2 protein chains.
Amino acid sequence: MKNIRSIKTSTRICAIIGNPVAHSLSPAIHNAAFAALDLDFVYVAFRVEDVNQALAGMRALENFRGMSVTIPHKIEAMKHVDTIEDVDRHIGSINTVIKDNGKLQGLGTDGPGALKALMNAGVVINGKNVLMLGAGGAARAIAFTLASYGGPAAIEILDINETILQQLATDLTAGTDSVIKSNKMTDNTLAEAMAAADIVIHCTPIGMHPKEGISLVPVALFRPGQVIFDIVYTPLETKLLADARSKGLQVVSGVEMFIHQAVLQFEQFTGVDAPIEVMRRVVMEQLKL
Amino acid sequence: MKNIRSIKTSTRICAIIGNPVAHSLSPAIHNAAFAALDLDFVYVAFRVEDVNQALAGMRALENFRGMSVTIPHKIEAMKHVDTIEDVDRHIGSINTVIKDNGKLQGLGTDGPGALKALMNAGVVINGKNVLMLGAGGAARAIAFTLASYGGPAAIEILDINETILQQLATDLTAGTDSVIKSNKMTDNTLAEAMAAADIVIHCTPIGMHPKEGISLVPVALFRPGQVIFDIVYTPLETKLLADARSKGLQVVSGVEMFIHQAVLQFEQFTGVDAPIEVMRRVVMEQLKL
């Protein structure tokens, strides 16, 4: 196990920036992974108000290798990095900054983390109808990633907020080759969309602690063969997932997306395969506290 | 012993900035001290070219608590902090930055570290004639500290560079109440100054690794009762100190100044008494490698 006395002048630093960051699991996850592989890295947390100055500092401090970027800086951080992949530019937010030869590269691992969570669960996206519930930041990242790399037959998006819904549908249609449908969420549109969906991805805060015990989807709408993915992971099993499981459907927990976005960040930071079981164990331990 | 897995979102970060920093002992010293007292701190190293941007980053990254500042940034760093003590303003350089409530305070611990090394060795400065050999940055810090807090009868300074010599003498006369003398260093002025000196402080690089084995002071000039302090600490015993010891004089090693400047930084970072024996042990282990 790695003692802090092993930190040297060569040690590279990674950090989460956000506001707040006090409840972040990222230092525990990444330090456990660095320690497991005996890598010369350390991970800390910085509450940040001025993301521009924080990134300026990252540039100036040579051993500062990587950042995890969280709320409220995921959009603003894009403006202060040197390079961004097209898909991340479409998504409009990033959650990771890597410094290489003094240049800052911005990228997102939320969408790829969701894709990896689905793939690891054996879910086939190619040719399937995907229903996204919610059109906020997480839905944008997941929808663009699935539309770009997953090959779905169609993606339908429902939200009660028609402004962000139309924006996302327009951007997806312009930025990807996928068939995109969108509808204001009502009892009727939800029932119709559920009747067509193979994969349902829930991206709203409904069912999240402390408002657990509620679900957007009436149990009667589930159909055999559907896969239900809830990006909420507090509680570990939301009412949506419990309901779906009770009907015999395959469920994917948001905790898998959370783990995989961290795994992808870790691999960007270090260039080596992440010790995923170590990271999963830390997440589970921390979430059960 | 403190594992890096114990790093949390509350952990405060300290760092050395300089260029180069690869050979700095500071991470080893401070992390050992944090671990010994089980403090929620970690210390890293950043090579830095743009000290202004590095300090901007320190401001923006909330848990960034303290910096050790080393060559070549000790002068430039002063321009980018919010508050500086008068004595440090006179010295014209700082080696420490502390962030408190978002404000950066610059201060120097080199001079106080030298004063503490002398005091801990039982050396009385009050009423004594102090001879400084060299008028560079370290000599400035030590001379101002001794003149401000030591109460010497007089401080005489010798250097071969008359420009920095006159500047230091002028600044000391203007900024302190001490009697200040200065002379271009020659065989004659050195002999005369040694004849009057009670305490000799060597602040030039002569005798430092890899040019060890030479000394500025001919053995014949030593007088009984003199104290010889060499701020060079590689090698641990310079030829100057070995010569002085062979004549039965009290000697003070630069390693004590180095340890005490780190002790004073640690106490600024943490607000608690430093575990000095832990820090001394790390310095000795590292210097003997």
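## Here's the deal with the overall build of chain A
Phase 1: A tally of regular secondary structure across chain A gives 10 helices and 12 strands.
Phase 2: Taking 19 Å as the expected radius of gyration for a compact globule of 289 residues, we find that chain A reaches 19 Å, a close match to that expectation.
Phase 3: If one aligns the C-alpha atoms of chain A with their principal axes, the spans along those axes are about 60 × 40 × 30 Å.
Phase 4: Taking the intrachain contacts of chain A between residues at least 6 apart in sequence as the baseline, contacts between residues at least 24 apart amount to 71%.
Phase 5: For chain A, the computed accessible surface area is about 11,900 Å², with 52% contributed by carbon and sulfur atoms.
Phase 6: Within chain A, the 29 negative side-chain charges are centred at a point lying 4 Å from the centre of the 25 positive side-chain charges.

## A closer look at the relation of the copies chain A and chain B
Phase 1: The two copies are related by a screw motion: chain A maps onto chain B through a turn of 180 degrees and a shift of 0.0 Å along the axis, at an RMSD of 0.0 Å. What the rotation and shift describe, once combined, is the action of a two-fold rotation axis. Measuring from the rotation axis to each C-alpha of chain A, the shortest distance belongs to Gly57 of chain A, at 1.7 Å.
Phase 2: Looking at chain A, 100% of its interface residues are interface residues in chain B too, so the copies touch through the same face.

## Some words on helix α5 (residues 137-149) of chain B
Residue and element names in this part refer to chain B.
Phase 1: Between its terminal C-alpha atoms α5 stretches 18 Å, which fits the 18 Å expected from 13 residues at 1.5 Å a residue.
Phase 2: Here α5 has its buried residues at Ala139, Arg140, Ala141, Ile142, Ala143, Phe144, Thr145, Leu146 and Ala147.
Phase 3: In the segment just after α5, Gly151 is the residue with positive phi, at about 65 degrees.

## Topic: the interface of chain A and chain B
Phase 1: In this complex, chain A contributes 41 residues to the contact, which on the side of chain B involves 41 residues.
Phase 2: Per-residue buried area on chain A facing chain B is highest for Ile4, Arg5 and Thr9 of chain A; these three make up 23% of the total on that side.
Phase 3: At the junction of chain A with chain B, the criterion picks out 2 salt bridges.
Phase 4: Residue Arg47 of chain A is joined to Glu62 of chain B by a salt bridge in which the shortest nitrogen-to-oxygen separation is 2.9 Å.
Phase 5: Here chain A and chain B share 10 residue pairs in polar contact (both at pLDDT 80 or more) between them.
Phase 6: Of all the secondary structure elements, the ones that give two or more residues to the side of chain A that touches chain B are β1 (12-18), α1 (26-37), β2 (41-47), α2 (51-60), β3 (64-69) and α10 (276-287) of chain A.
Phase 7: For the side of chain A that touches chain B, a count of residues per class yields 26 nonpolar, 7 polar and 8 charged.

## Some points on the sheet that holds strand β6 (residues 103-107) of chain B
Residues and elements named next belong to chain B.
Phase 1: In spatial order, the strands read β2-β1-β3-β5-β6-β4; together these 6 strands make up an open sheet with mixed pairing. Only two strands of the sheet have a single neighbouring strand rather than two, namely β2 (41-47) and β4 (83-84).
Phase 2: Here strand β5 (residues 96-100) runs beside β6; their pairing, made up of 5 bridges, is antiparallel. Bridging from a neighbouring strand, Lys99 pairs with Leu104 of β6.

## A few points about the pairing of strand β1 (residues 12-18) of chain B
Residues and elements named next belong to chain B.
Phase 1: Within β1, 6 of the 7 residues are buried, which leaves the element mostly enclosed by the surrounding structure.
Phase 2: Pairing between β1 and β2: 7 bridges, direction parallel. By the bridge assignment for β2, Ala15 is matched with Val44.
Phase 3: Each parallel crossover has a hand, and for β1 linked through helix α1 (residues 26-36) to β2 it is right-handed.

## Overview of the sheet that holds β2 of chain A
Residues and elements named next belong to chain A.
Phase 1: Spatially, the 6 strands line up as an open sheet ordered β2-β1-β3-β5-β6-β4, and their pairing is mixed. The two strands at the open ends of the sheet, each matched to only one other strand, are β2 and β4 (83-84).
Phase 2: Across the sheet, α2 is in contact with β1, β3, β5 (96-100) and β6 (103-107); its angle to β3 comes to roughly 155 degrees.
Phase 3: In the packing of helix α9 (residues 254-270) onto the sheet, contacts are made with β1, β2, β3, β5 and β6, and the angle to β3 comes to roughly 165 degrees.

## A look at the domain arrangement of chain A
Residues and elements named next belong to chain A.
Phase 1: One can read the domain layout of chain A as domain 1 (12-108) and domain 2 (112-254).
Phase 2: Inter-centroid distance (C-alpha atoms) of domain 1 to domain 2 is 27 Å.
Phase 3: Contact residues are listed per partner, giving 4 residues for domain 1 and 8 residues for domain 2.
Phase 4: Summing both partners gives a buried area of about 530 Å² for domain 1 against domain 2, and 65% of it is carried by carbon and sulfur.
Phase 5: Summed over the three residues of domain 1 that lose the most area to domain 2, namely Val87, His90 and Ile91, the buried surface amounts to 83% of that side.

What counts, and where the lines are drawn
Residues numbered from 1 in each chain as written. Chains lettered and ligands numbered in written order. Predicted model: local features only at pLDDT ≥ 70, side-chain atom pairs only at ≥ 80, totals over all residues. Heavy atoms only, no water. Helix = DSSP H or I, 4+ residues; strand = E, 2+ residues; numbered from the N terminus. Rg over C-alpha atoms; globule rule 2.2 N^0.38 Å. Contact = heavy atoms within 4.5 Å. Areas by Shrake-Rupley, 256 points an atom, 1.4 Å probe, with all protein chains shown as cover. Lys, Arg positive; Asp, Glu negative; His and termini not counted. Charge placed at Lys NZ, Arg CZ, Asp CG, Glu CD. Least-squares fit on C-alpha atoms with pLDDT ≥ 70 in both. Expected span 1.5 Å × (residues − 1). Buried < 20%, exposed > 50% of the residue type's maximum accessible area, 1.4 Å probe, protein only. Buried area = accessible area lost by both parts, 1.4 Å probe. Salt bridge = Lys/Arg side-chain N within 4 Å of Asp/Glu carboxyl O. Polar contact = N/O pair within 3.5 Å; in protein donor to acceptor, adjacent residues only side chain to side chain. Nonpolar A, V, L, I, M, F, W, Y, C, P; charged D, E, K, R; others polar. Pairing = 2+ DSSP bridges. Right-handed = clockwise from strand over helix to strand, strands pointing away. Axes fitted to C-alpha atoms, helices over the stretch in contact; angles between N-to-C directions. Domains from an automatic or database assignment.

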